[in-house]
Amino acid sequence: MIRKMLVVAAAVAMPATVLTAVTGTGIAGAAKAPVQSTVCALTGGVDFAAPGYSLDGSLSKKTTVKSGDHVTPTSGACGASSDGLSGYAAIISKITAPTTLCTNPGTVGIGDAPVCASATAKNKYWYNSTSSFLGSTASIDAIKASLSKGVKAYNTGNKVTLNADNVAKVLPNGVCGAAGVGFQLSGSTSVAGLTYSLALCLTTDTGPGTSGNFLADVVLANAGNTGITVASAGFGGNSALTFTKA
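All values reported here derive from a predicted model rather than from experimental measurement. Here the residue numbering is sequential within each chain, running from 1 through the sequence in written order. In view of the model being predicted, local features appear only for residues whose pLDDT reaches at least 70, and side-chain atom pairs are presented and counted only at 80 or more, with totals across whole chains, interfaces and linings using the full set of residues. As a rule here, side-chain values cover all heavy atoms of the structure and leave hydrogens and water aside.

Q: Help me understand the packing of aromatic side chains, please; the structure alone is not making it clear to me.
A: How two aromatic rings sit relative to each other is set out by the distance from centre to centre and by the angle between their planes. For this analysis, a ring pair means two rings from Phe, Tyr or Trp (six-membered ring only for Trp) whose centres lie within 6.5 Å, classed as stacked if their planes differ by under 30 degrees, edge-to-face if by over 60, and tilted for the remaining angles. If you walk through the whole model with that rule in mind, you get five aromatic pairs. Arranged with centres 5.3 Å apart and planes meeting at 70°, the rings of Tyr53 and Phe133 form a pair that is edge-to-face. Pair noted here: Tyr53 is in the loop between strand 1 (38-47) and strand 2 (58-60) and Phe133 is in helix 3 (residues 130-135), with a separation of 80 residues, a long-range link. The buried label applies to any residue whose accessible area, calculated with a 1.4 Å probe on protein chains only, is under 20% of its type's maximum; exposed applies above 50%, and partly exposed to all values in between. For Tyr53, a relative accessible area of 11% corresponds to the buried category. Plain terms: the ring middles of Phe133 and Phe183 are 6.2 Å apart, the flat faces sit at 90° to each other, and that makes the pair edge-to-face. With a gap of 50 residues between them, Phe133 in helix 3 and Phe183 in strand 10 (residues 181-188) connect regions that are remote in the sequence. Phe183 carries the same exposure label as Phe133, and that label is buried. Connected via pairs of aromatic rings, a cluster forms that spans Phe48, Tyr53, Phe133, Phe183 and Phe214. The ring of Phe133 carries Lys169 above its face, with NZ or CZ at 5.3 Å from the centroid. The helix count covers DSSP runs of H or I at least four residues long, the strand count covers runs of E at least two residues long, and both are numbered beginning at the N terminus. Put simply, a charge is over a ring when the Lys NZ or the Arg CZ is close to the ring centre, within 6 Å, and near the line of the ring normal, within 35 degrees.

Pasting the structure below:
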């Protein structure tokens, strides 16, 4: 009885901070940090619908084609750990884009890609000509439609959905720099008061005849180099995921 009374008395006399540590309430790392403003560098890339972008474009019997991108934060509080500084997870998206019906398969009509000259009654839809990448908004529309349910990411260990409210092409002298091109997504998230901006700067590339410079290869192909096919592109330069907490 005396022992029990001494234990109770000791507990009453303990400072609140010590009592909290003993009982386990509020132990460091036990709870995730709140979402915060942060800037996270990125790595990753995009695999274009096979075989890739070329001067002539490609033919398909389908009305849609698929490409995919993978983005992995490499710094900032975009990780899955409680403080967000580790456990970086890839953000993976599948983009479904519509193909375009050749005006008259076997000939090249107004607005057709050169590949329509080889189109048949079966393979009569074209896609991925370099001119369509440089001059059309089709890729923007495809991203918006494909990401209508948002993209999953992390902020200080908290799962966050990025809503594709705004999608735009990035032209030279934009957020990707003087010679940078790519895409920028921005808007709201699943967390009230938290917004984001995702800059995807296309810098490197792979594929037959490519040099490793995405923009240079697309421009050269569009100027008439039929030996270049850009199968994939890598994110670099100013690519970043930026969160802003109001």
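Q: Got a minute to help me understand the state of the cysteines in this structure?
A: When the sulfur atoms of two cysteines share a covalent bond, that bond is a disulfide. Two cysteine sulfur atoms form a disulfide, by the criterion used here, when they sit within 2.5 Å. Throughout the structure, instances matching the rule amount to three disulfides. The residue that forms a disulfide with Cys40 is Cys78, at a sulfur-sulfur distance of 2.0 Å. In this structure, the disulfide formed by Cys40 and Cys78 twists by about 85° around the S-S bond and is classed as right-handed. Taken together, the residues Cys40 in strand 1 and Cys78 in the loop between strand 3 (64-73) and strand 4 (91-98) connect sequence positions 38 residues apart. By relative accessible area, which is 0% here, Cys40 ends up buried. Residue pairing for Cys176: its cysteine sulfur links by disulfide to Cys201, the two sulfurs lying 2.1 Å apart. Around the S-S axis, the bridge from Cys176 to Cys201 shows a dihedral of about -90° and counts as left-handed. Residue Cys176 is found in the loop between strand 9 (166-170) and strand 10, and its partner Cys201 is found in strand 11 (residues 194-206); the two are separated by 25 residues along the sequence. Pair check on accessibility: Cys176 and Cys201 agree, each one buried. Cysteine pairing for the protein chain (bonded cysteines numbered in sequence order): 1-2, 3-4, 5-6.

All quantities given are derived from atomic positions and should not be read as evidence of function.
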